[in-house]
There are 2 protein chains.
Amino acid sequence: MEKILLAHGSGGKVMHEFIKKGILSVLPVKGLTDSAIIKEHSIAFTTDSFVVSPVFFPGGDIGSLSVHGTVNDLTMVGSEPRYISLSLIIEEGFPMEKLKRILDSIARASAEAGVEVVTGDTKVVERGKGDGVFINTAGIGLLREDVCFSPERIEPGDLVLLSGSIANHGVAVMAERNGIEFSPPVLSDSRPLNLLLKELKGYHNAIHAMRDPTRGGLATTLKEIALERKVCIEIYEDAVPVKEQVRGACELLGIDPLYVANEGVFVAFVKEDMSKSILEALKGHPHGEDAAIIGRVKEEPEGVVLLNTGFGGTRMLDMLSGDQLPRIC
Amino acid sequence: MEKILLAHGSGGKVMHEFIKKGILSVLPVKGLTDSAIIKEHSIAFTTDSFVVSPVFFPGGDIGSLSVHGTVNDLTMVGSEPRYISLSLIIEEGFPMEKLKRILDSIARASAEAGVEVVTGDTKVVERGKGDGVFINTAGIGLLREDVCFSPERIEPGDLVLLSGSIANHGVAVMAERNGIEFSPPVLSDSRPLNLLLKELKGYHNAIHAMRDPTRGGLATTLKEIALERKVCIEIYEDAVPVKEQVRGACELLGIDPLYVANEGVFVAFVKEDMSKSILEALKGHPHGEDAAIIGRVKEEPEGVVLLNTGFGGTRMLDMLSGDQLPRIC
């Protein structure tokens, strides 16, 4: 009898197949993206559950992460995040003091991102039937008439822009989980992308699509988009910003930074003639100082992500396979 | 060190204190009711996580329950449920076939209630770190200009109307959990209350407030309202509909039906002069055939729920104490 595997939640190939064949075949959800667009009421709507382990990690915790994740999903479709719901599933025996730290972190992250927690729910499960605390946040963002980010708008010739260095979140969580300490510590990049987006007012029309490469990492996100939009995305490995220390940590942990989860960067597909201005605008914000143009959209081969390696070769990038990094968010 | 107890999620007194002192003191959420009212955009917004154990029970399952729970929260504030999000936290090893049954149940329950699942999320946790499947649904309902249900509108002299017999859900789940079989089986009352509400068009102005007595049961819900509105609610025990078999089951299980969770009835506070018409309207719908007028609102003593017992005596009802029925929803 077929059973659920960790890989079904990894963000990679197995999860994509599972969602398509195991979930959407039974329960059809139209136009699945980061957030649902409800045009009739000018709102975007999204949900995310967070099961990250451990709940505290360098640079964040499950509380701030649960705010950022939902804020970012709303931001990626071009909406202004405004209202969030908060639902806690707590394991019996979880220390009250830790819960308060998490709630405090949620309060601070919400205030920073400019969203309001307006409704909530609390459930408790018996010891051994959960794992500390799981958090669900759903969110509502306001659509703006002049903004429409959608993979459908991506055109061959668009440049691919990355707003910051990758793999920080995944490495920070994995290091904490495995008791590895880096000095200085590798910090998660968990942060609200709507603040960075504010720098891009005036460029909205030149930005065709945007997505945050969370579970499955940059490679998986690019592959998803290449398949959806039936284009080729060519990336220059040397152009992809990875912090020196993070690169070292990935080597140590035996993982590829292109497949490691991020929680505070986005990849944007932009018109070439505006790309330099957009890059400069991003670099002017502390959350965008490592921004870089990392590649280009081509017509063919359709559905393919090509990585130009530093040695002049190329290789095709597929989605993450298996369950490399379970419970990273 | 203070730790989370099962009672913190029971819906009773301990949970109310915990939410007030443990959660809202750190993370203030304004005007906490079943759903947040976002007047500016004419929507209501709510969230609920479902951890019911077992996931399948007579009359429903965690899937249909997760749709009904959110639909009902939206309905209780007078909004028209429209969009829901669906987030799954699945334990590694959970049988795919059971998951499909649950998803199918969600699809059917959504179609029946007239809501659309528009966005979702899937997470998987390791074996032993969850319990089968937990589901979160958040929902958006549309506010109607002519409808405003709010405890603030309750007045002394209002009659208290209950839309159906109580304790069916809690007894069905407890029986399943303990391997007790009733013949015929006691079925959960889990169902979408917006269908029943449609019978009450034309009476909206006479309905002052409405709430569904879920965790904590009817007694806890009445006590909440008595405290919020600073009134006395007097109930006639003989008038509260409890199915014969459910009453017997409660005696067997040693629980009081007034404190058992419901998932398909509401208590409404209505103007006396319209109460008969409202009752008749409800009785015309299959979900309201057991509807009854069960009591009356009085000015004093404030914050008190008085139960007139069948023997001419009265007793005060408090909120559920402790964790009588953990993981009932």
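What you see is a predicted model, and the numbers here were worked out from it, not measured in a lab.

Enquirer: Please set out the relation of the copies chain B and chain A residue by residue, giving values where relevant.
Expert: Note on the identical chains: chain B maps onto chain A by a rotation of 180 degrees and an axial translation of 0.0 Å, with an RMSD of 0.0 Å. The relationship between the two copies is best expressed as a two-fold rotation axis. If distances are taken from each C-alpha of chain B to the rotation axis, the shortest is found for Gly 130 of chain B, at 2.1 Å. A symmetric contact is evident, with 100% of the interface residues of chain B recurring at the interface of chain A.

Enquirer: How would you explain a positive patch on the surface if you had to name every residue and give the values?
Expert: Positive charge collects at one region of the surface, where Lys 3 of chain A together with Lys 98, Arg 101 and Arg 127 of chain B lie side by side. With respect to the helices, strands and loops of the structure, Lys 3 of chain A is situated in the segment before α1 (13-23).

Enquirer: If you had to explain unusual backbone geometry to someone new, which residues and values would you point to?
Expert: Going from Ser 183 of chain A to Pro 184 of chain A, the amide bond is cis rather than trans, its omega being -5 degrees. With respect to the helices, strands and loops of the structure, Pro 184 of chain A is situated in the loop between α4 (168-177) and α5 (193-197). Residue Pro 54 of chain B is reached from Ser 53 of chain B by a cis peptide bond, and omega for that bond is 0 degrees. Locating Pro 54 of chain B in the fold gives a position in the loop between β2 (43-50) and β3 (56-57). Positive phi outside glycine occurs at Ser 42 of chain A, with the angle close to 55 degrees. You can see Ser 42 of chain A is positioned in the loop between β1 (36-38) and β2 (43-50). Residue Ser 42 of chain A is classed as partly exposed on the basis of its relative accessible area, which comes to 40%.

Enquirer: Give me the lowdown on the pattern of salt bridges, citing residues and values where you can.
Expert: Residue and element names in this part refer to chain A. Scanning all chains against the criterion turns up 32 salt bridges over all chains. Of the charged contacts in the structure, one is a salt bridge between Asp 256 and Arg 315, with a shortest N-O distance of 3.5 Å. Of this pair, Asp 256 sits in the loop between α7 (244-253) and β11 (267-270) while Arg 315 sits in strand β14 (residues 314-317), placing them 59 residues apart in sequence. Judged by its relative accessible area of 22%, Asp 256 falls in the partly exposed class. Glu 272 serves as the salt-bridge partner of Arg 296, at 3.3 Å between the closest nitrogen and oxygen. Taken together, the residues span a long stretch of sequence, with Arg 296 in strand β12 (residues 292-298) and Glu 272 in helix α8 (residues 272-283) at a distance of 24 residues.

Enquirer: Can you break down empty space enclosed by the protein residue by residue, with the values?
Expert: For the coordinates displayed, the defined rule picks out 4 cavities of 30 Å³ or more. There is about 120 Å³ of room inside the largest cavity. In the lining of the largest cavity, the residues fall into 11 nonpolar, 3 polar and 3 charged. Of the voids in this model, the second largest cavity is the one considered here, and its volume is about 70 Å³. Along its surface, the second largest cavity is lined by Leu 6, Gly 9, Ser 10, Val 51, Arg 215, Leu 325, Pro 326, Arg 327, Ile 328 and Cys 329 of chain A together with Lys 123 and Val 124 of chain B. For the lining of the second largest cavity, the per-class residue count stands at 7 nonpolar, 2 polar and 3 charged.

Enquirer: Tell me about the packing of helix α4 (residues 168-177) of chain B against helix α7 (residues 244-253) of chain B, and please be specific about residues and values.
Expert: A pair of packed helices is characterised by two quantities: the angle between their axes and the separation of those axes. Residues and elements named next belong to chain B. Following both chains from N to C, one finds α4 and α7 inclined at 50 degrees, their axes separated by 10 Å at the closest point. In this view, α4 runs oblique relative to α7, as classed from their interaxial angle. You can see that α4 and α7 cross each other, and the crossing is left-handed. In contact with Asn 168, Val 171 and Met 174 of α4, α7 contributes Val 246, Ala 249, Cys 250 and Leu 253. Residue composition of the contact of α4 with α7, grouped by class: 6 nonpolar, 1 polar and no charged.

Enquirer: Quick one: what's the story with α7 of chain A, residue by residue and with numbers?
Expert: Residue and element names in this part refer to chain A. Those residues of α7 that fall on the buried side of the exposure criterion are Val 246, Ala 249 and Cys 250. The buried side chains of α7 occupy one side of the element, clustering within an arc of 100 degrees when seen end-on. Set apart from the buried face of α7 by more than 90 degrees, the exposed residues are Glu 244, Glu 251 and Leu 252. Each element contacted by the buried residues of α7 is listed here: α4. Gly 254 occupies a position one or two residues after α7 and carries a positive phi of about 70 degrees.

Enquirer: Run through the sheet that holds strand β13 (residues 304-308) of chain A, naming residues and quoting values.
Expert: Sheets are built from strands paired through backbone hydrogen bonds, the pairs being either parallel or antiparallel. Residue and element names in this part refer to chain A. Taking strand neighbours across the sheet as the criterion, the 7 strands line up as β9-β11-β8-β12-β10-β13-β14 in an open arrangement whose pairing is mixed. Each edge of the sheet is formed by a strand with only one pairing partner; in this case those strands are β9 (207-211) and β14. Ignoring strand direction, the axes of neighbouring strands in this sheet form an average angle of 25 degrees. Bridge count for β9 against β11 is 4 bridges, and the pairing is antiparallel. Residue pairing for β11: Ala 209 is matched across the bridge by Phe 269.

Enquirer: Tell me about the interface of chain B and chain A, and please be specific about residues and values.
Expert: With 76 residues of chain B in contact, the opposing surface of chain A contributes 76 residues. Of all residues in chain B, Ile 4, Phe 45 and Met 96 of chain B give up the largest surface area on contact with chain A, accounting jointly for 10% of the area buried on that side. One can count 6 salt bridges joining chain B with chain A. Put simply, chain B and chain A have 24 residue pairs in polar contact (both at pLDDT 80 or more) between them. Elements that contribute at least two residues to the side of chain B that touches chain A include exactly α1 (13-23), β1 (36-38), β2, β5 (80-91), α3 (96-113), β6 (116-125) and β7 (133-142) of chain B. Broken down by class, the residue content of the side of chain B that touches chain A amounts to 39 nonpolar, 17 polar and 20 charged.

Each value, and the rule that gives it
Residues numbered from 1 in each chain as written. Chains lettered and ligands numbered in written order. Predicted model: local features only at pLDDT ≥ 70, side-chain atom pairs only at ≥ 80, totals over all residues. Heavy atoms only, no water. Least-squares fit on C-alpha atoms with pLDDT ≥ 70 in both. Contact = heavy atoms within 4.5 Å. Patch = residues over 30% accessible without salt bridge, like charges linked within 9 Å, V, L, I, M, F, W, Y side chains within 5 Å. Areas by Shrake-Rupley, 256 points an atom, 1.4 Å probe, with all protein chains shown as cover. Salt bridge = Lys/Arg side-chain N within 4 Å of Asp/Glu carboxyl O. Lys, Arg positive; Asp, Glu negative; His and termini not counted. Charge placed at Lys NZ, Arg CZ, Asp CG, Glu CD. Helix = DSSP H or I, 4+ residues; strand = E, 2+ residues; numbered from the N terminus. Buried < 20%, exposed > 50% of the residue type's maximum accessible area, 1.4 Å probe, protein only. 1 Å grid on protein atoms, 1.4 Å probe; cavity = no way out; pocket = protein on both sides within 12 Å on 5 of 7 lines; lining within 4 Å. Points joined across faces, edges and corners; volume = space filled by probe spheres on them. Nonpolar A, V, L, I, M, F, W, Y, C, P; charged D, E, K, R; others polar. Axes fitted to C-alpha atoms, helices over the stretch in contact; angles between N-to-C directions. Parallel < 35°, antiparallel > 145°, perpendicular 65-115°, else oblique. Left-handed = near helix turned anticlockwise from the far one by under 90°. Arc of directions from axis to C-beta. Pairing = 2+ DSSP bridges. Buried area = accessible area lost by both parts, 1.4 Å probe. Polar contact = N/O pair within 3.5 Å; in protein donor to acceptor, adjacent residues only side chain to side chain.

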